[in-house]
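# Fold and contact review
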Amino acid sequence: MQIQNVPALVVGGASGLGAATARRLAAAGAKVSVLDFNIEAAQALAHEIGGFAVRCNVTSAESAEDAIRAARDRHGAARILINTAGIAPAGKIVGRNGPLPLDDFRKGIEVNLIGSFNTLRLAAADMMALEPLADGERGVVVNTASIAGYEGQIGQASYAASKGGVIALTIQAAREFASVGIRVCTIAPGLFETPMMEGLPENVRASLATTVPFPRRLGRADEFAKQALNIVESVYLNGETIRLDAALRMAAK
Ligand SMILES: NC(=O)c1ccc[n+]([C@@H]2O[C@H](COP(=O)([O-])OP(=O)(O)OC[C@H]3O[C@@H](n4cnc5c(N)ncnc54)[C@H](O)[C@@H]3O)[C@@H](O)[C@H]2O)c1
């Protein structure tokens, strides 16, 4: 899809991988709406890139409906949806204090899996009503999983299961929307330098980087953004989850 003047939603776009993608989309001429729980950060980014900021909690049907409606009123219905909202909860299935509280498991599924599905279903309903473009394409969705969706580490039960769900949803949704010209792809990042990672001490980050085969460093958010734009622009990419991990295969811990 050509990006110039096309309305785009970047969900979880106030930080990290989403913010880098919002910047690249805006630079390519998209009309970007940044949807995020963190409205202050979303507003600051929207100001920087000439976009529109809306508060959105992806776990709530009502909040996502309101946010997508506000973005539609501002820019028109989006043809591009980038899903990057996510959290990385940790906890063993049975830890020192006994079984993982069910709500701790549920939280990761709610934000990462149900949240992605929530914006997918609403944005796709809008895309379906739009006129088709070249190749009959109406819209494109880029989700964010993680290589933990394939190789979940010890202590990542909720995170791994949520990301595995996003990977499974990719081909299913692509098949369902094929007849209306909406593509669905997912990026499964390895280890990226973002605020999510910056929570870890420097020595832990440095040690993580040494586990990456080549290039032996953490990924940069802009490298994720480039891949997201490549998916948007490449009409023949559909139904696939692309690992972006410098050949990293995560160990058990
Ligand atoms: N950084 C990595 O190494 C890495 C690796 C693999 C996958 N990922 C995935 O990439 C995505 C982006 O991660 P990041 O590293 O940029 O993290 P980040 O913390 O920098 O950004 C996540 C954004 O999501 C928003 N968010 C969280 N909960 C939300 C909710 N309920 N509703 C709306 N917005 C919400 C946050 O406010 C934040 O702006 C996540 O899905 C994460 O799981 C990251």
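Preceding this section is the structure that the text describes.
Computed from a predicted model, the values in this text were never measured in an experiment.

Reading guide: rules and limits
Residues numbered from 1 in each chain as written. Predicted model: local features only at pLDDT ≥ 70, side-chain atom pairs only at ≥ 80, totals over all residues. Near = placed C-beta within 6 Å. Helix = DSSP H or I, 4+ residues; strand = E, 2+ residues; numbered from the N terminus. Nonpolar A, V, L, I, M, F, W, Y, C, P; charged D, E, K, R; others polar. Expected span 1.5 Å × (residues − 1). Buried ≥ 20, exposed ≤ 12 C-beta atoms within 10 Å, placed from the backbone. Arc of directions from axis to C-beta. Right-handed = clockwise from strand over helix to strand, strands pointing away. Pairing = 2+ DSSP bridges.

## Here we look at the site of the ligand
Looking at the ligand, there are 30 residues lining it, with G12, G16, G86, T194 and M196 nearest. Mapped by element, the contributors of at least two residues to the shell around the ligand are α1 (16-27), α4 (102-128) and α6 (195-198). Looking at the shell around the ligand, its residues break down into 15 nonpolar, 14 polar and 1 charged.

## Some points on helix α3 (residues 61-75)
Residues spaced three or four apart along an α-helix point in a common direction, a consequence of the helix completing one turn every 3.6 residues. The end-to-end C-alpha distance of α3 is 21 Å, a good match for the 21 Å that 15 residues give at a rise of 1.5 Å each. Every buried residue belonging to α3 is among A64, A67, I68 and A71, and all of these are buried. One face of α3 carries all of its buried residues, which in axial projection span an arc of 95 degrees. Projecting away from the buried face of α3 at angles above 90 degrees are the exposed residues E62 and D73. Two residues or fewer after α3 comes G76, characterised by a positive phi angle close to 90 degrees.

## Points about the pairing of strand β2 (residues 31-36)
Of all 6 residues in β2, 6 are buried, a share of seventy percent or more. Residues K31, S33 and L35 of β2 are buried on one face, and the alternating residues V32, V34 and D36, pointing to the opposite face, are buried as well. Taken together, strand β1 (residues 7-11), α1 and β2 constitute a β-α-β crossover, and its handedness is right-handed. In terms of strand pairing, β2 meets strand β3 (residues 52-55) through 4 bridges, oriented parallel. Bridge pairing in β3 links L35 to V54. Crossover β2 to β3 through helix α2 (residues 39-49) is right-handed.

## A closer look at unusual backbone geometry
With an omega dihedral of -5 degrees, the bond running from F214 to P215 counts as a cis peptide bond. Examined against the element boundaries, P215 turns out to sit in the loop between α7 (202-209) and β10 (219-220). Non-glycine residue D135 carries a positive phi angle of around 65 degrees. Structurally, the position occupied by D135 is in the loop between α4 and β7 (139-144).

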